[in-house]
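Listed here are the chains, written in short residue letters.
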Amino acid sequence: MLVLVINSGSSSLKYQLRELADDGTDAPVPVLAQGLVERIGVPGSGVPDHAAALEQVEAELAEATGGRTIDAAGHRVVHGGERFTAPARVTNEVIRAIERLAPLAPLHNPAAAQGLRAMAERWPDMPQVVVFDTSFHQTMPREAWQYALPDEVYTEHGIRRYGFPRPRPPPPPPPPPGGTSHDLVTGLAAEHLGIPRGEFRAVVLHLGNGASATAIRDGVSVDTSMGYTPLAGLVMGTRSGDLDPSVVTHLMRNHGYDAEELDTLMNRRSGLLGLAGEADMRQVLENAASGDGRARNALDVASYRLAKYVGGYHVAVGGAQAIVFTAGIGENSAPFRARVLDRLGALGVAYDAEANRARVAGPHTISAPESAIPVLVVPTDEEQAIARLTWELAR
Ligand code: ADP
């Protein structure tokens, strides 16, 4: 089965054409084509909207498919709110529901909805599936998702930590194959250590432009660092992560910020960009290495925050059996991993500097033999996870 995986950002569209075997696993050559259209909607870029971006993609796909029809498309959507606890087949109503969730993921959901509409117009007969980042966290217990606000703020306005929908009985272990990056990586890490997935306790650190830590107990998510929106938690490329909410009211009251400006400040101008003047970790590391004090400070703030989350989640899971790094920074940035691991000595974590620096393709261990908690690097493959869930719904 040919599955087109689409990840629409506010001004970009990433795609992969994947081939799955009849049982939903990767075909021998799973990725037939992949690419990225950038600067969508940027004046002068020649790509006015997502529909124009798809036109570009279509030309590239025609060659890769060799005339075969694409069987289905799978889209990554960040926020499924309370409504979407599992992947869904796309209808007009589903697209509208994703748009209505825009306040919860202002950087992501509107772009995803545009991508979905453009696809439906261009290929009206191709089944489309949406896969939500939030659905993996449906297993979080109430103690983890509830804010200590008056109850009606939750019951009337739906304000609480997401990544989770309404309380439901935990799914029977083992969870279905595929899923989000955290899900995929959890399974691979358990397998690497030879621990049954249903008994696995871990802290998974997904560190990309967006970043989150997830506490895994009995193989499922019991806590995650993002909150009501993907703004909370860790220091990210352009997002601040955790803040005292009084900062917001203070800036409004005394410095003339309105809601839009605050959204922009916290989502697009903060994080590494705000602290170091660069959102890209590679650049921040380079600047720090050449003596830039702001870059060094940004690395300190980011690694300190992350280490605190690891400590907290070690408690949340009842003693982690693994700390797992994944995604762009987690997989590739040995210096950043080292900065985090240096702070985890109090948990008995010890890493092997050479193993940390080595480039290894699959899941591998970077902790020293005496480390109280094994530390792993596990490459993620979000497109594969999305393709598999799409295959399940579309076959
Ligand atoms: P997302 O999928 O959230 O957009 P990625 O998982 O692709 O993001 O991660 C992007 C981040 O990974 C960027 O900050 C980039 O600098 C960082 N990154 C990628 N390769 C390396 C590397 N070799 N060393 C350090 N950081 C890297």
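About the cut-offs
- Residues numbered from 1 in each chain as written.
- Predicted model: local features only at pLDDT ≥ 70, side-chain atom pairs only at ≥ 80, totals over all residues.
- Heavy atoms only, no water.
- Salt bridge = Lys/Arg side-chain N within 4 Å of Asp/Glu carboxyl O.
- Helix = DSSP H or I, 4+ residues; strand = E, 2+ residues; numbered from the N terminus.
- Buried < 20%, exposed > 50% of the residue type's maximum accessible area, 1.4 Å probe, protein only.
- Near = heavy atom within 4 Å.
- Polar contact = N/O pair within 3.5 Å; in protein donor to acceptor, adjacent residues only side chain to side chain.
- Areas by Shrake-Rupley, 256 points an atom, 1.4 Å probe, with all protein chains shown as cover.
- Pairing = 2+ DSSP bridges.
- Patch = residues over 30% accessible without salt bridge, like charges linked within 9 Å, V, L, I, M, F, W, Y side chains within 5 Å.
- Lys, Arg positive; Asp, Glu negative; His and termini not counted.
- Charge placed at Lys NZ, Arg CZ, Asp CG, Glu CD.

### Thoughts on the pattern of salt bridges
1) Next: Under the counting rule described, the total for this entry stands at 13 salt bridges.
2) Next: D381 is paired through a salt bridge with R18; the nearest N and O atoms lie 3.1 Å apart. Of this pair, D381 sits in the loop between strand 12 (375-377) and helix 15 (382-394) while R18 is found in strand 2 (residues 13-20), placing the two residues 363 residues apart along the sequence.
3) Next: Here D381 falls in the partly exposed class, since its relative accessible area comes to 23%.
4) Next: Note that R339 and D300 form a salt bridge whose closest N and O atoms lie 3.4 Å from each other. Separated by 39 residues along the polypeptide, R339 in helix 13 (residues 334-341) and D300 in helix 11 (residues 293-316) bring together distant segments of the chain.
5) Next: With a relative accessible area of 26%, R339 lands in the partly exposed category.
6) Next: Salt bridges sharing common partners tie together R18, D26 and D381.

### Side note on the environment of E354
1) Next: With respect to the secondary-structure elements, E354 resides in helix 14 (residues 353-357).
2) Next: The exposure class of E354 is exposed, given its relative accessible area of 61%.
3) Next: As for E354 and S367, which are separated by 13 residues in sequence, their C-alpha atoms are 9.9 Å apart.

### Description of the site of the ligand
1) Next: Close contacts around the ligand come from 13 residues, with N209, D280, M281, R282 and G328 the closest.
2) Next: Contact between the ligand and R282: an oxygen atom at 3.1 Å from a main-chain N or O atom of the residue.
3) Next: Within the contact set of the ligand, an oxygen atom lies 2.9 Å away from a backbone nitrogen or oxygen of G328.
4) Next: Within the complex, the protein chains bury 75% of what would otherwise be the 580 Å² of accessible surface of the ligand.
5) Next: Going through the elements one at a time, helix 10 (281-289) and helix 12 (327-332) are the ones with two or more residues in the shell around the ligand.
6) Next: Residue contributions to the shell around the ligand peak at four residues, all from helix 12.

### A closer look at helix 13
1) Next: Among the eight residues in helix 13, six count as buried, and that is most of the element.
2) Next: Buried residues of helix 13: A334, F336, R337, A338, V340 and L341, and no others.

### So, the pairing of strand 10 (residues 322-326)
If a strand is regular, its side chains alternate between the two faces of the sheet.
1) Next: In terms of burial, strand 10 is a largely internal element, five of the five residues being buried.
2) Next: Residues A322, V324 and T326 point to one face of strand 10 and I323 and F325 to the other, with burial holding for every one of them.
3) Next: Bridging between strand 7 (residues 202-207) and strand 10 involves five bridges; their strand directions are parallel. In the strand pairing of strand 10, A202 is matched with A322.

### As for the pairing of strand 4 (residues 72-77)
1) Next: Burial analysis of strand 4 places six of its six residues in the buried class, the great majority of the element.
2) Next: Neither face of strand 4 is open: one carries A72, G74 and R76, the other A73, H75 and V77, and all of them are buried.
3) Next: Summarising the sheet, strand 1 (residues 2-8) and strand 4 pair through four bridges and their orientation is parallel. Bridge pairing in strand 4 places L4 opposite A73.
4) Next: Taken together, the five bridges between strand 4 and strand 6 (residues 128-132) define a ladder with parallel strand orientation. The residue of strand 6 that forms the bridge with A73 is Q128.

### Observations concerning a negative patch on the surface
1) Next: Side chains of D258, E260, E261 and D263 sit close together on the surface and give a patch of like negative charge.
2) Next: With respect to the helices and strands, D258 occurs in the loop between helix 7 (246-255) and helix 8 (259-268).

### Thoughts on the sheet that holds strand 9 (residues 220-224)
1) Next: Here six strands make up an open sheet; going across it, the order is 9-8-7-10-12-11 and the pairing mixed. One side of each edge strand has no neighbouring strand; the edge strands of this open sheet are strand 9 and strand 11 (364-365).
2) Next: Across six bridges, the pairing between strand 7 and strand 8 (residues 211-217) is antiparallel. From the neighbouring strand, L205 faces strand 8, where its bridge partner is A213.

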